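# Coordinate analysis (summary)
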Amino acid sequence: MDREKEAFFDQLYQQWFFKLLRYAGVAVKNHHVAEEIVQDTFLVALQKVDYLFASEEPGRWLKQTVKYKILHYFREQKRDQILLLPLEDGKPGEPMGAGGIERIEEKEAISKLWETIHRELKPEERVLLQKISVEGKSYQEAAIELGCSVGACQKRMQRLRLKLREALRKDGTLEGKKNRGR
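Residues numbered from 1 in each chain as written. Predicted model: local features only at pLDDT ≥ 70, side-chain atom pairs only at ≥ 80, totals over all residues. Heavy atoms only, no water.

## Brief notes about the overall build of the protein chain
What the protein chain contains, in helices and strands, is 8 helices and 0 strands. Counting helices and strands in the order they occur from the N terminus, the protein chain gives α-α-α-α-α-α-α-α. Burial statistics for the protein chain: of 182 residues in total, 32% are counted as buried. Pairs at least 24 apart in sequence give 61% of the contacts found in the protein chain among residues at least 6 apart. For the protein chain, the exposed area adds up to about 12,200 Å²; of that, 54% sits on carbon and sulfur atoms. (Helix = DSSP H or I, 4+ residues; strand = E, 2+ residues; numbered from the N terminus. Buried < 20%, exposed > 50% of the residue type's maximum accessible area, 1.4 Å probe, protein only. Contact = heavy atoms within 4.5 Å. Areas by Shrake-Rupley, 256 points an atom, 1.4 Å probe, with all protein chains shown as cover.)

Here it is in structure tokens:
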């Protein structure tokens with residue numbers, strides 16, 4: 001990267017980092033997650049510095065990218081929480097009522113998921129999955145607790161998700177869904 005683009009990127013970072021951090025922090029209500037989202041945004045921005053340098057509104061691109069990363073974060077959180085919720089039975093004597101069959105099917109799917117998780121993932125992988133997906137901890141918080149770097153924690157989680165996705169696809173739990181580079 002030439003000096004002009006490097007200076008441009010530095011100025012962009014100085015001008016927008018804290019604004020984007022505030023925006024993401026309000027949305028996700030977790031400073032560490034918000035910081036990761038903004039850092040990821042600037043990592044992508046660094047890769048697209050030529051495009052941003054030529055753009056008339058690079059700030060608009062940054063805001064839109066943070067917005068998409070926040071939405072992606074919430075989608076992943078929701079998906080992970082749904083997939084990893086413990087099985088809950090109704091109260092004793094409670095009639096099934098409307099949707100009872102769907103609840104049984106959902107519990108069976110969750111049970112199958114748990115079997116796959118315990119069969120395919122090592123105990124340390126299950127701990128990481130629990131911290132990130134169920135407890136909602138940031139990569140930084142999980143990395144501190146597990147005694148590794150944030151990057152290592154992110155990479156382990158990425159590998160773990162791919163491993164789990166492939167196992168679920170083999171089991172028939174994820175039918176017809178293709179891995180879209182996530």
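## Overview of the environment of Lys-122
Mapped onto the secondary structure, Lys-122 falls in the loop between helix 5 (100–120) and helix 6 (123–134). Considered as a pair, Lys-122 and Leu-160 are 38 residues apart in the sequence and their alpha carbons are 9.6 Å apart.

## What about the pattern of salt bridges?
Applying the stated criterion across every chain, the model contains 8 salt bridges. Of the charged contacts in the structure, one is a salt bridge between Glu-57 and Arg-60, with a shortest N-O distance of 3.8 Å. The residue Lys-131 makes a salt bridge to Glu-145 at a minimum N-O spacing of 2.7 Å. With Lys-131 in helix 6 and Glu-145 in helix 7 (residues 139–146), this residue pair connects regions lying 14 residues apart in the sequence. In this structure, a network of salt bridges that share partners links the residues Lys-131, Lys-137 and Glu-145. (Salt bridge = Lys/Arg side-chain N within 4 Å of Asp/Glu carboxyl O.)

## Brief notes about the state of the cysteines
Across all of its chains, the model carries 0 disulfides by this definition. For the unlinked cysteine Cys-148, the closest cysteine sulfur is that of Cys-153, found at 4.8 Å. (Disulfide = S-S within 2.5 Å.)

## Topic: the confidence of the model for the protein chain
Averaged over all residues, the pLDDT of the protein chain equals 80, while 80% of them reach at least 70. No element of the protein chain has a lower mean pLDDT than helix 5, at 70, and none a higher one than helix 1 (residues 3–28), at 94. Across residues 86–101, where pLDDT falls below 50, the model places 12 contacts with residues more than four positions away in sequence or in other chains. Throughout residues 176–182 the model reports pLDDT below 50, and contacts reaching past four residues in sequence, or to other chains, amount to 9 contacts. (pLDDT = per-residue confidence, 0-100.)

## Regarding the packing of aromatic side chains
One pass over the full model with this rule turns up 7 aromatic pairs. Considering the side-chain rings of Phe-17 and Phe-42, the 6.2 Å spacing of their centres and the 40° angle between planes classify their relative orientation as tilted. Of this pair, Phe-17 sits in helix 1 while Phe-42 sits in helix 2 (residues 31–47), and the two are 25 residues apart along the sequence. We note that Phe-17, like Phe-42, is buried. One aromatic cluster in this structure is built from Phe-9, Tyr-13, Phe-17, Phe-18 and Phe-42. Its end group placed over the ring of Trp-16, Lys-19 keeps NZ or CZ at 4.8 Å from the ring centre. (Phe/Tyr/Trp six-rings, centres within 6.5 Å; stacked < 30°, edge-to-face > 60°. Lys NZ or Arg CZ within 6 Å of the ring centre and 35° of its normal.)

## Some remarks on the packing of helix 7 against helix 8 (residues 150–171)
Remark: helix 7 packs on helix 8, axes separated minimally by 8 Å, with the N-to-C direction vectors making an angle of 100°. With respect to each other, helix 7 and helix 8 are oriented roughly perpendicular. Contact residues: helix 7 offers Tyr-139, Gln-140, Ala-142 and Ala-143, while helix 8 offers Val-150, Cys-153, Gln-154, Met-157 and Arg-161. Looking at side-chain class alone, the contact of helix 7 with helix 8 contains 6 nonpolar, 2 polar and 1 charged residues. (Axes fitted to C-alpha atoms, helices over the stretch in contact; angles between N-to-C directions. Parallel < 35°, antiparallel > 145°, perpendicular 65-115°, else oblique. Nonpolar A, V, L, I, M, F, W, Y, C, P; charged D, E, K, R; others polar.)

## As for the nonpolar core
Membership of the largest hydrophobic core comes to 22 residues, with the highest contact counts inside it found for Leu-20, Ala-24, Val-28, Ile-37, Val-38, Phe-42 and Leu-62. Of all the secondary-structure elements, those providing two or more residues to this core are helix 1, helix 2, helix 3 (49–54) and helix 4 (58–84). Excluding residues within four positions of it along the chain, Phe-42 makes contact with Phe-9, Leu-12, Tyr-13, Trp-16, Phe-17, Leu-20 and Leu-62. In terms of nonpolar packing, the next biggest core, distinct from the first, is built from 15 residues, Leu-129, Cys-153, Leu-160 and Leu-168 among them. (Core = buried A, V, L, I, M, F, W, Y, C linked by side-chain atoms within 4.5 Å.)

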